[in-house]
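Each chain is listed here by its residues.
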Amino acid sequence: MQMAELMESDGWKDVGYEYLCIDDCWMAPERDSNGRLQADPKRFPSGIRGLADYVHSKGLKLGIYADVGNKTCAGFPGSFGHYDIDAKTFADWGVDLLKFDGCYCDSVEHLEKGYKRMSLALNRTGRSIVYSCEWPLYMWPFRKPNYTEIRQYCNHWRNFEDVYDSWQSVKSILAWTSSNQKRIVDVAGPGGWNDPDMLVIGNFGLSWDQQVTQMALWAIMAAPLLMSNDLRHISPQAKALLQDKDVIAINQDPLGKQGYRLRKEDNIEVWERPLSDLAWAVAMVNLQEIGGPRFHTISIASLGQGLACIPDCMITQLLPEKKKLGFYQWTSDLKTKINPTGTVLLRLAAT
């Protein structure tokens, strides 16, 4: 309830953060006498319906967690065999998003069928509920996921392990995404997105430059922006980064195309993303962890599949701080300075 109050009062809702999500451990250890899930009475004395009403009164939406298998990852009741009643319960409570995990599922067949059945059950409730899946994450050890099929049932889907509040974790998510981009980038678009997991900006494990890198690359990857942090104790700097309207606009760009890694050389990666109105977002990441800032020169003609700057364009740097770099021609080079583990995020706009 405090988070809901802060999302409304501290500008989070105004820039587009509208879902307040509960993860695992919200449930009582047993279902009720009618087979329905119930909230832990100590943690949620007014029940989930009461919480949903409060969250909605702030102009926000409520997200909840359940599991496709026999138990949740923390050992609470799973939804296997109860998909219809659980979907109806969530709708009756006024839930707006379901994160559906994949622990304790005894076969790939049950996993796939379960994710499909819950999708259909949610739709049958008649309530609009965002469906967040972990289907591909739990499929990868057995076979390559069919993303075309997953997209038909889910609104976003986790591909890789949980994020932690560490640079190693963020780095491993970026490495997995770039090495699998041929398989996952093209399937993303309005209604269905790859989910590289939560933003850990505003916590303890990332340096300032690393927080800039996560925000910039999550924008390039068209990732759902779900924060995992405590809004009561967030620094003004982290808050300004998470509420940066220019970066959020790239993340939420209506063209809805996910970006990709263009190249990697000498520990510097260049990522790009096509935007609406023929604009492009470009991120340059310095993965070198020793030494000072490095200069990187890039040919303008190599960006945006050669189309980003014909015959010229206006380049604006958005991160680590906003500044207009000016007009560039297709034939020119761009030189940038990038801090260790940091990122420079640019927007190229046709003139």
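Residues numbered from 1 in each chain as written. Predicted model: local features only at pLDDT ≥ 70, side-chain atom pairs only at ≥ 80, totals over all residues. Heavy atoms only, no water.

Undergrad: Please explain a nonpolar patch on the surface as it appears in this structure.
TA: A cluster of nonpolar side chains, Leu307, Ile310 and Trp330, forms an exposed patch at the surface whose accessible area comes to about 320 Å². In this structure tryptophan 330 comes out as partly exposed when scored by relative accessible area, which is 37%. (Patch = residues over 30% accessible without salt bridge, like charges linked within 9 Å, V, L, I, M, F, W, Y side chains within 5 Å. Areas by Shrake-Rupley, 256 points an atom, 1.4 Å probe, with all protein chains shown as cover. Salt bridge = Lys/Arg side-chain N within 4 Å of Asp/Glu carboxyl O. Buried < 20%, exposed > 50% of the residue type's maximum accessible area, 1.4 Å probe, protein only.)

Undergrad: When you look at the pairing of strand E9 (residues 280–286) in this model, what are you seeing that I'm missing?
TA: Look at any regular strand and the pattern is simple: side chains alternate between the two faces of the sheet. Burial within E9 is extensive, with 7 of its 7 residues counted as buried. With burial as the criterion, each face of E9 is covered, one bearing Trp280, Val282, Met284 and Asn286 and the other bearing Ala281, Ala283 and Val285. Here strand E8 (residues 268–274) hands over to E9 after 5 residues, with aspartate 277 in that stretch at a positive phi of 60 degrees. Bridge count between E9 and strand E14 (residues 343–350): 6 bridges; the pairing is antiparallel. The partner of methionine 284 across the bridge, within E14, is valine 344. (Helix = DSSP H or I, 4+ residues; strand = E, 2+ residues; numbered from the N terminus. Pairing = 2+ DSSP bridges.)

Undergrad: I keep staring at the packing of helix H8 (residues 167–179) against helix H10 (residues 208–220) and nothing clicks. Help me out?
TA: The axes of two packed helices give the description: the angle between them and the distance between them. Contact geometry of H8 with H10 gives a least axis separation of 11 Å together with a crossing angle of 25 degrees. Put simply, H8 runs roughly parallel to H10. Seen along the crossing, H8 lies across H10 with a hand that is left-handed. Along the contact surface, H8 presents Trp167, Val170, Ile173 and Leu174, while H10 presents Gln210, Thr213, Gln214, Leu217 and Trp218. Its residues assigned to classes, the contact of H8 with H10 comprises 6 nonpolar, 3 polar and no charged. (Axes fitted to C-alpha atoms, helices over the stretch in contact; angles between N-to-C directions. Parallel < 35°, antiparallel > 145°, perpendicular 65-115°, else oblique. Left-handed = near helix turned anticlockwise from the far one by under 90°. Contact = heavy atoms within 4.5 Å. Nonpolar A, V, L, I, M, F, W, Y, C, P; charged D, E, K, R; others polar.)

Undergrad: Just to check I follow, could you spell out the domain arrangement of the protein chain for this structure?
TA: How big an interface is tends to be stated in terms of accessible area lost as the parts join. Taken domain by domain, the protein chain comprises domain 1 (1–252) and domain 2 (260–350). Using C-alpha coordinates to define each centre, domain 1 is positioned 30 Å away from domain 2. In this assembly, domain 1 packs against domain 2 so that about 2,000 Å² is buried in total across both faces, 66% of it on carbon and sulfur atoms. Three residues, Asp209, Ile220 and Ile250, lead the burial of domain 1 against domain 2; their summed loss comes to 31% of the area buried on that side. Here domain 1 is connected to domain 2 by 2 salt bridges. (Domains from an automatic or database assignment. Buried area = accessible area lost by both parts, 1.4 Å probe.)

Undergrad: Which parts of the structure should I look at to understand the sheet that holds E14?
TA: Strands in a sheet are paired, the pairing made by backbone hydrogen bonds, and the direction either parallel or antiparallel. With antiparallel pairing, the 6 strands of this open sheet are ordered in space as E7-E8-E9-E14-E11-E12. Of all the strands in the sheet, just strand E7 (260–265) and strand E12 (323–329) have a single pairing partner and so form its edges. Neighbour to neighbour, the strand axes of the sheet diverge by 25 degrees on average, direction disregarded. In this sheet, E12 lies alongside strand E11 (residues 312–319) in antiparallel orientation, the contact comprising 6 bridges. If you follow aspartate 312 over to E12, its bridge partner there is glutamine 329. The sheet contacts of H10 involve E7, E8, E9, E11 and E14, and relative to E14 the element is tilted by about 35 degrees.

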